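Residues per chain are reported as follows:
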Amino acid sequence: MAAASLALAGIAAAFFWWRYADPIGSNPPGVLRLDDPVMLHRGEQLYQSQCASCHGENLEGQANWRERGSDGRLPAPPHDESGHTWHHPDEVLIRITRDGVAKAAGLPDYVSSMPTFGDSLNDADIVAVLSWIKSRWSSDIRTHHDDINRQANQR
């Protein structure tokens, strides 16, 4: 029994090290991948066809995106560095894109013009789009976003 417990503890420790250890800081945390040119190309195509009409071809968002319109809804925010996309860890961004802000944030009464994409894009497509968006940020903002992912992974 003691040997089995030690073996299980060893397996758990090995898994933890494999999942979280990065002794030289070479692997950015999170699931977005900026090192896959095929994924980034697919992400750009999907962004332009699914997202650019509201969030802008260059990630600039809609005018006055912080002010509610007459319908009570916020305009589409930018996904460039002037927006808040990079303030959220990958998993939150994926949930918002797939399930919508209301469900992702646990706010059932929140009304948004953004459609949910869970029925039209699979998770790999969503990761591709978000990876392409992140690839457009400066290295400083990407590093900050990596830190946000590290913090989220420690919870």
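Below: a short report on this structure. Numbers given to residues run from 1 along each chain, matching the order in which its sequence is written. The model is predicted, so local features are restricted to residues of pLDDT at least 70 and side-chain atom pairs to those at 80 or more, both for listing and for counting; the totals for chains, interfaces and linings are taken over all residues. Excluded from the side-chain calculation are hydrogens and water; included are all heavy atoms of the structure.

### Brief notes about unusual backbone geometry
The criterion, for reference: Runs of H or I in DSSP of at least four residues are treated as helices and runs of E of at least two as strands, each being numbered from the N terminus. Only protein chains enter the accessibility calculation, which uses a 1.4 Å probe; a residue whose area is less than 20% of its type maximum is buried, one above 50% is exposed, and one in between is partly exposed.
At Leu-59, a residue that is not glycine, the phi angle is positive and equals roughly 70°. Tracing the chain through its elements places Leu-59 in the loop between helix H3 (52-55) and helix H4 (90-99). One non-glycine residue, Asn-64, adopts positive backbone phi at about 50°. You can see Asn-64 is positioned in the loop between H3 and H4. A relative accessible area of 52% places Asn-64 in the exposed class.

### Here's the deal with the state of the cysteines
To keep it simple, the criterion reads: The disulfide criterion used throughout: a pair of cysteine sulfur atoms within 2.5 Å.
With the rule as written, the count across this model stands at zero disulfides. The thiol of Cys-51 is not disulfide-bonded; the next cysteine sulfur, from Cys-54, is found 8.7 Å away. We classify Cys-51 as buried; its relative accessible area is 13%.

### Some words on the environment of Ser-49
Tracing the backbone through its elements, the reader meets Ser-49 in helix H2 (residues 37-50). The exposed category is assigned to Ser-49, whose relative accessible area is 51%.

Purely geometric numbers; function is a separate question.
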